[in-house]
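Below, each chain spelled out in residue letters.
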Amino acid sequence: MVQEHTLSIDDLIYPLFVEEGINDVIPISMLPGVHRIPESLLAEEIKALASEGIKAVLLFGIPHFKDATGEISLHPDTLLSRMIRTAKNASPSMVIIADCCFCEYTSHGHCGVLRNNTVDNDLTLALLSKQALAACAAGADIIAPSSMMDGQVRAIRAALDAEGYAAKPIMAYSAKFASAFYGPFRSAVNCELKGDRKTYQMDPANGREAIRELLCDEVEGADILMVKPGLLYLDIITRIRDRTDLPIAAYHVSGEYASIKFAAQAGAIDEQLAVMEVMGAFKRAGAKLIITYFARDIARLYLNAH
Ligand code: PBG
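Heads up: these notes are all about the structure in this document. (Residues numbered from 1 in each chain as written. Predicted model: local features only at pLDDT ≥ 70, side-chain atom pairs only at ≥ 80, totals over all residues. Heavy atoms only, no water.)

## Things to note about the overall build of the chain
Here's step 1: Across its full length, the chain holds 10 helices and 12 strands.
Here's step 2: Taken over C-alpha atoms, the radius of gyration comes to 18 Å for the chain, in line with the 19 Å a tight globule of 306 residues would show.
Here's step 3: Per-residue burial for the chain yields a buried fraction of 57% across its 306 residues.
Here's step 4: Here the analysis covers contacts within the chain between residues at least 6 apart in sequence; of these, 75% occur between residues at least 24 apart.
Here's step 5: Once the 29 positive and 38 negative side-chain charges of the chain are each reduced to a mean point, those two points are 1 Å apart. (Helix = DSSP H or I, 4+ residues; strand = E, 2+ residues; numbered from the N terminus. Rg over C-alpha atoms; globule rule 2.2 N^0.38 Å. Buried < 20%, exposed > 50% of the residue type's maximum accessible area, 1.4 Å probe, protein only. Contact = heavy atoms within 4.5 Å. Lys, Arg positive; Asp, Glu negative; His and termini not counted. Charge placed at Lys NZ, Arg CZ, Asp CG, Glu CD.)

## Observations concerning the nonpolar core
In a soluble, globular protein the nonpolar side chains are often hidden away together inside.
Here's step 1: Within the largest apolar cluster, 111 residues are counted, with the highest numbers of intra-cluster contacts made by F17, V57, I84, I143 and M171.
Here's step 2: Discounting chain neighbours no more than four positions away, the residues touching M171 are I13, I97, I142, I143, A144, P145, I224, M226, A249 and I291. (Core = buried A, V, L, I, M, F, W, Y, C linked by side-chain atoms within 4.5 Å.)

## So, the packing of aromatic side chains
Here's step 1: This model, assessed by the stated rule, comprises 9 aromatic pairs.
Here's step 2: Consider the rings of F17 and F185, whose centres lie 5.7 Å apart with planes at 55°: the pair is tilted. Highlighted residues: F17 in strand β1 (residues 12-19) and F185 in helix α5 (residues 183-188), separated in sequence by 168 residues. Each of the two residues, F17 as well as F185, counts as buried.
Here's step 3: Taken together, a centroid distance of 4.9 Å and an interplanar angle of 80° make the contact between F60 and F185 edge-to-face. Note that F60 is positioned in strand β4 (residues 56-62) and F185 in helix α5, a separation of 125 residues in sequence. Here the two residues F60 and F185 agree in accessibility, since each one is buried.
Here's step 4: An aromatic cluster of three or more residues is present, and its members are F17, F60, Y173, F185, Y251, Y257, Y293 and F294.
Here's step 5: Looking at K228, its charged tip hangs above the ring of Y182, at a distance of 4.8 Å from the centre.
Here's step 6: Of note, K228 hangs over the ring of Y251, and the distance from its end group to the ring centre comes to 4.7 Å. (Phe/Tyr/Trp six-rings, centres within 6.5 Å; stacked < 30°, edge-to-face > 60°. Lys NZ or Arg CZ within 6 Å of the ring centre and 35° of its normal.)

## Concerning the side chain of H108
Here's step 1: Position of H108 among the secondary structure elements: in the loop between β5 (95-100) and β6 (114-115).
Here's step 2: Of the residues examined, H108 reaches a relative accessible area of 17% and is grouped as buried.
Here's step 3: Engagement of the side chain of H108 in a polar contact is seen with the backbone oxygen of A68, the distance being 2.8 Å.
Here's step 4: Among residues more than four places away in sequence, those in contact with H108 are A68, L114, E192, L193 and K194. (Polar contact = N/O pair within 3.5 Å; in protein donor to acceptor, adjacent residues only side chain to side chain.)

## Overview of helix α3 (residues 121-138)
Here's step 1: For α3, which comprises 18 residues, the first-to-last C-alpha distance of 26 Å matches the rise-based estimate of 26 Å (1.5 Å per residue) to within 8%.
Here's step 2: When α3 is considered as a whole, its buried residues turn out to be T124, L125, L127, L128, S129, Q131, A132, A134, A135, C136 and A138.
Here's step 3: Structurally, α3 contributes buried residues whose contacts are with α2 (79-90), β5, β7 (118-119), β8 (142-145) and α4 (152-162).
Here's step 4: Two or three places before D122, at the start of α3, stands the capping residue D120, its side-chain oxygen 3.2 Å from that residue's backbone nitrogen. (Expected span 1.5 Å × (residues − 1).)

## A short note on the site of the ligand
Here's step 1: Not every one of the 16 residues close to the ligand is listed here, only the nearest: R186, R197, K228, S254 and Y293.
Here's step 2: Note that an oxygen atom of the ligand is positioned 2.7 Å from one of the side-chain N or O atoms of R186.
Here's step 3: At 2.5 Å from an oxygen atom of the ligand is found a side-chain nitrogen or oxygen belonging to Y293.
Here's step 4: Relative to its unbound accessible surface of 400 Å², the ligand loses 100% to contact with the protein. (Near = heavy atom within 4 Å. Areas by Shrake-Rupley, 256 points an atom, 1.4 Å probe, with all protein chains shown as cover.)

## A closer look at the environment of A285
Here's step 1: Relative to the helices and strands, A285 is located in helix α9 (residues 271-285).
Here's step 2: According to the relative accessible area criterion, A285 is buried, its value standing at 7%.
Here's step 3: Separated by 170 residues in sequence, A285 and R115 place their C-alpha atoms 39 Å apart.
Here's step 4: In contact with A285, not counting residues within four places along its chain, are L234, I237, T238 and R241.

## Thoughts on unusual backbone geometry
Here's step 1: P229 follows K228 through a cis peptide bond whose omega is -10°.
Here's step 2: For P229, the location among the structural elements is in the loop between β10 (224-228) and α7 (234-241).
Here's step 3: Positive phi outside glycine occurs at N116, with the angle close to 50°.
Here's step 4: Following the sequence through the fold, N116 ends up in the loop between β6 and β7.
Here's step 5: Classification of N116 by relative accessible area gives exposed; the value is 74%.

Dropping the structure here:
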């Protein structure tokens, strides 16, 4: 009766990895319980998730063809568009969120285009806008720009408004830190990155700068503000909760997921209790939405038990 926060299935977003050119589901060893799905099984997977109560998915493509600029993601007949179209057709009521970035599609693994060996912010903005338009044309319900280019929300908002997608919301990866906790994700998507993303992702020491990034994205037209990694940066969630009226999303990232999974597998902690405690912490901190690889287990096994 007096519990201050409750987790609802409506709060959860489930990330999905869709790989081009494979025929069977491939388990991701660094993310126990998570798989790469072939395009041929995506429709079935989306229907299964809908029947388990999942309301929203975040799609990541794993293409077998990459290039220097990630052009491959812009065309209506390539993986990014195909997977969105397939998912949307499989379950029209499922909220399809398109991660908008280039790291999965570039041969060098950076989130944008390179010039003189560094990521060129403004060149990347034009390409991000094109990718967002391709995702909308394929049927995405929400665009989630994750490349951490300055001005990405403004650029994408302008492009969407100009092309008849004024009603499509933007969930901005606003405060995204250069984190070691993305390791399992990068191996899951075959990211070719050498080096790091410290020229565009944030310094873990910088809380005030994170607030500035979040507030900039609000002014640029974001509809949902995200903090990532969520669990390590709960303080940022709480601080921004007091500064904006927009909904806040927390990304419970791959390394945070893997930490619980492997600790539970070793018998060090109880997985279900740990997962629900972490979800409670996100809600207490002020997150409305939680992107988590545990979403499916929570929907299927845990919500009824609590
Ligand atoms: C980059 C992107 C990353 C994740 C999702 N999109 C991080 C990165 O490689 O820098 C990480 C998600 C996770 O670790 O679960 N566009």
